[in-house]
Amino acid sequence: MRYASIRSMDISNGEGVGISLFVQGCHFHCKNCFNKDTWDFNGGKKWTPEVEDKFIELASRPYIKRISLLGGEPLADENLDGVLNLVNRFRLLMPEKTIWLYSGYRFEELDERRKQIVSLVDVFVDGRYIDLQRNISAKWKGSDNQRVISIRDSLQQGKVVLYCE
């Protein structure tokens, strides 16, 4: 896995103060994507054990309430192993903190491997960015077609349950 950047204090990609990992690589190429620099799977920097340790160290600060994984596309085939390892490690070390995952995949489109990852996160923001549905006042998403989903509630009820309206 490769990554574009780590935002060590972020208030825009989830609830509360968190840190955000922008993974590198995306196949969707949404029109007017705000982060085109993350499309190239060969761009960015290599995700190493040392970088992951630093990310975990940043996340362990007491005022950090969540991590957010976005990109690029965290659920691209090329990123699945790295994202799964990070989510598992974070969940084990800091179960009281939340995980937000942003993806162009819709919840209903997820295959078993992607479902495995999404089942470990708290909030899943799904759907590709659609420029014609852009909404700058929408909370935690860029376009009206996207959904901010509570994964725990969705898994318990067997249907998509929104985290917020």
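Residues numbered from 1 in each chain as written. Predicted model: local features only at pLDDT ≥ 70, side-chain atom pairs only at ≥ 80, totals over all residues. Heavy atoms only, no water.

Undergrad: How do you make sense of helix H2 (residues 80-93) when you look at a structure like this?
TA: Counting along an α-helix, one turn takes 3.6 residues, and residues three or four places apart therefore face a common direction. Compared with the 20 Å implied by 1.5 Å per residue over 14 residues, the 20 Å span of H2 between its first and last C-alpha is a close match. By the burial criterion, the buried members of H2 are Leu-80, Gly-82, Val-83, Leu-84, Leu-86, Val-87, Phe-90 and Arg-91. The elements touched by buried residues of H2 are strand S2 (18-23), helix H1 (49-59), strand S4 (66-70), strand S5 (98-102) and helix H3 (112-118). (Helix = DSSP H or I, 4+ residues; strand = E, 2+ residues; numbered from the N terminus. Expected span 1.5 Å × (residues − 1). Buried < 20%, exposed > 50% of the residue type's maximum accessible area, 1.4 Å probe, protein only. Contact = heavy atoms within 4.5 Å.)

Undergrad: Looking at this structure, how should I read the nonpolar core?
TA: Nonpolar side chains in soluble globular proteins generally cluster together in the buried interior. Formed by 32 residues in total, the largest nonpolar core has its most connected members in Leu-21, Ile-67, Leu-69, Leu-75, Leu-101, Val-118 and Phe-124. At the level of secondary structure, the elements contributing two or more residues to this core comprise S2, H1, S4, H2, S5 and H3. Looking at this core, the element that brings in the most residues is H2, giving six residues. In this view, Leu-21 contacts Met-1, Tyr-3, Ser-5, Ile-6, Trp-47, Phe-55, Ser-68, Leu-69, Leu-70 and Leu-86; residues no more than four positions away in its chain are not counted. Core analysis: the next-biggest nonpolar cluster, separate from the first, contains eight residues, Leu-70, Trp-100, Tyr-102 and Val-125 among them. (Core = buried A, V, L, I, M, F, W, Y, C linked by side-chain atoms within 4.5 Å.)

Undergrad: Help me understand H1, please; the structure alone is not making it clear to me.
TA: Burial in H1 covers these residues: Val-51, Glu-52, Phe-55, Ile-56, Leu-58 and Ala-59. Within H1, the buried residues cover an arc of 160° as seen down the axis, which keeps them to one side. Exposed side of H1, more than 90 degrees from the buried face: Pro-49 and Glu-50 are the residues found there. Summarising the contacts, the buried residues of H1 are in contact with strand S1 (2-10), S2, strand S3 (45-46), S4 and H2. (Arc of directions from axis to C-beta.)

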